[in-house]
Amino acid sequence: MPATVRFAPSPTGHIHVGNARTALFNWLFILREGGRFLLRFDDTDRERSREEYAEAIDRDLRWLGIAPHETFRQSERLDRYETAADRLRASGRLYACYETPEELDRKRKARLRRGLPPVYDRAALALTAEQKRALEAEGRRPHWRFLLETGGPPELAWDDLFRGRQRVDLASLSDPVLVREDGSFTYTLPSVVDDIDRAVSHVIRGDDHVTNTGVQIALFAALGAAPPVFGHHNLLLDASGEGLSKRSGAQSVASYRDAGYEALAVAILAVRTGTSDAAEPVADLAALAASFDPRRVSHGGARFDTAELDALNARILHGLPYDDAAPRLQAIGADGGEAFWLAVRGNCTRLRDAADWRRVVRGPVAASPAPPEDEPVIAAALAALPPEPWDRSTWGPWTDAVKAATGRKGRALFMPIRRALTGLDHGPELAALLPLIGRTDTQARLAASLRR
Ligand code: GLU
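Presented here is a report on the structure given in the accompanying data block. Quick caveat, the model's predicted, so the values are computed rather than measured. (Residues numbered from 1 in each chain as written. Predicted model: local features only at pLDDT ≥ 70, side-chain atom pairs only at ≥ 80, totals over all residues. Heavy atoms only, no water.)

1. Section: the overall build of the protein chain
Moving on, step 1. Across its full length, the protein chain holds 18 helices and twelve strands.
Moving on, step 2. Taking 452 residues into account, the globule formula puts the C-alpha radius of gyration at 22 Å, and the protein chain, at 32 Å, lies well above it.
Moving on, step 3. By principal-axis analysis of the C-alpha atoms, the protein chain measures approximately 110 × 45 × 40 Å.
Moving on, step 4. Across the 452 residues that make up the protein chain, the buried fraction comes to 46%.
Moving on, step 5. Within the protein chain, contacts between residues separated by at least 24 positions form 76% of all contacts whose residues are at least 6 apart in sequence.
Moving on, step 6. Of the charged side chains in the protein chain, 61 are positive and 62 negative, and the gap between their average positions amounts to 2 Å. (Helix = DSSP H or I, 4+ residues; strand = E, 2+ residues; numbered from the N terminus. Rg over C-alpha atoms; globule rule 2.2 N^0.38 Å. Buried < 20%, exposed > 50% of the residue type's maximum accessible area, 1.4 Å probe, protein only. Contact = heavy atoms within 4.5 Å. Lys, Arg positive; Asp, Glu negative; His and termini not counted. Charge placed at Lys NZ, Arg CZ, Asp CG, Glu CD.)

The following block contains the structure:
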């Protein structure tokens, strides 16, 4: 059976690179194994969920190269969760509780004082129908807990794709609240119902969900379904070792896109940080998928380093073929043909830097007049200018002639010419720029730098 995976963000903010890591691990899994990728918006929190964030998440995923096969929202499926809750109530696995948060807190503290694990004591299981009526007459409304185990072995285990064999002792967990006092659902039940209804075969997510997995496996069983395969990957941290947060907006995928980074650079680093694979350029996500192995992902949190992103981005651009760059160069008015791109790509750390080099090639450049000691070089360069056509081979003989006329060599020869032609001390190889600038402009720029 082909695999089905899902990425399930809450649309309460922009996704950050840590969320992108989860989405990409799911996507790479599908690229390797074949199957379907579902985008599920966990939007049962109506207060904080916003459609504009859902749209932004979809846009961010597509920018990264992820094209979901299907998108759906939990808010459209509330009737399915109600049905599942009723089923659990009927089988005695979902029971009404009436404790207030303060009462629960007191119970927790009392258990801790007695050296007991601070789990819920299931007192509500013993309530009679009459007692419940009395509590409701007081104005209390029930919240609903899932009875985690029913006398079977309290230990659950699964083979985690990333972490190997995992065990959870259900006796160490409180029966989780599935339905709140106001009738809304916590994350747990909708997630399991969706995974069952959509036949999700592999749940790949951050290791902050490891403790939920025991509960969820018990819930799959209580709803008569086999659990999917689970995989929990380590989380990304920021440069100072803090967890990433959707709310802060830092390290958001959108911020990297807006800053002009290559989607592939962000994807490679989001995937390879905290693994034993080096973050180096690969051709595309398929190549990333081919080398992806969950067992090579380390277990601790891993720092996402923006400095590393800069370096990786530059390396990707340095090898980016013209055909891939051309439409994007056109979009920013920086397309100067293949020779132009090949000349400047090595000097771009972001693709948009090409626009600066395009301006340098087209002119006018703001070069200051050559200092008196460099004037002979410029004058000789002017005198030795060969006729067109020009190509990369024009540079050598031309500068040889300037060298012969002035006795200058190396930096003392090239720097005055570079400054006169580009207004800068650094930049792409002049041999490649010269034919792009052309004879007319070269002559004008050299002449201008002699004027003071
Ligand atoms: N909405 C949950 C989250 O963003 C989904 C967790 C899951 O993949 O099950 O953490």
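On we go from here.
2. Digging into the pattern of salt bridges
Where charged atoms from two side chains of opposite charge come close, those side chains can pair.
Moving on, step 1. Under the criterion given, the structure shown has 35 salt bridges.
Moving on, step 2. Here aspartate 105 makes a salt bridge to arginine 108, at a shortest N to O gap of 3.3 Å. Of this pair, aspartate 105 and arginine 108 both sit in helix 4 (residues 101-113), three residues apart, which is roughly one turn of the helix.
Moving on, step 3. Linking aspartate 159 and arginine 165 is a salt bridge whose minimum nitrogen-to-oxygen distance equals 3.2 Å. (Salt bridge = Lys/Arg side-chain N within 4 Å of Asp/Glu carboxyl O.)

3. Concerning the site of the ligand
Moving on, step 1. Around the ligand sit Arg6, Ala8, Ser10, Asp42, Tyr187, Ser191, Arg205 and His209, and those are all the residues in its vicinity.
Moving on, step 2. Between arginine 6 and the ligand, the recorded distance is 2.7 Å, taken from a side-chain N or O atom to an oxygen atom.
Moving on, step 3. Between the ligand and the protein, one listed contact pairs a nitrogen atom with a side-chain N or O atom of aspartate 42 at 2.6 Å.
Moving on, step 4. The residue makeup of the shell around the ligand, split by class, is two nonpolar, three polar and three charged. (Near = heavy atom within 4 Å. Polar contact = N/O pair within 3.5 Å; in protein donor to acceptor, adjacent residues only side chain to side chain. Nonpolar A, V, L, I, M, F, W, Y, C, P; charged D, E, K, R; others polar.)

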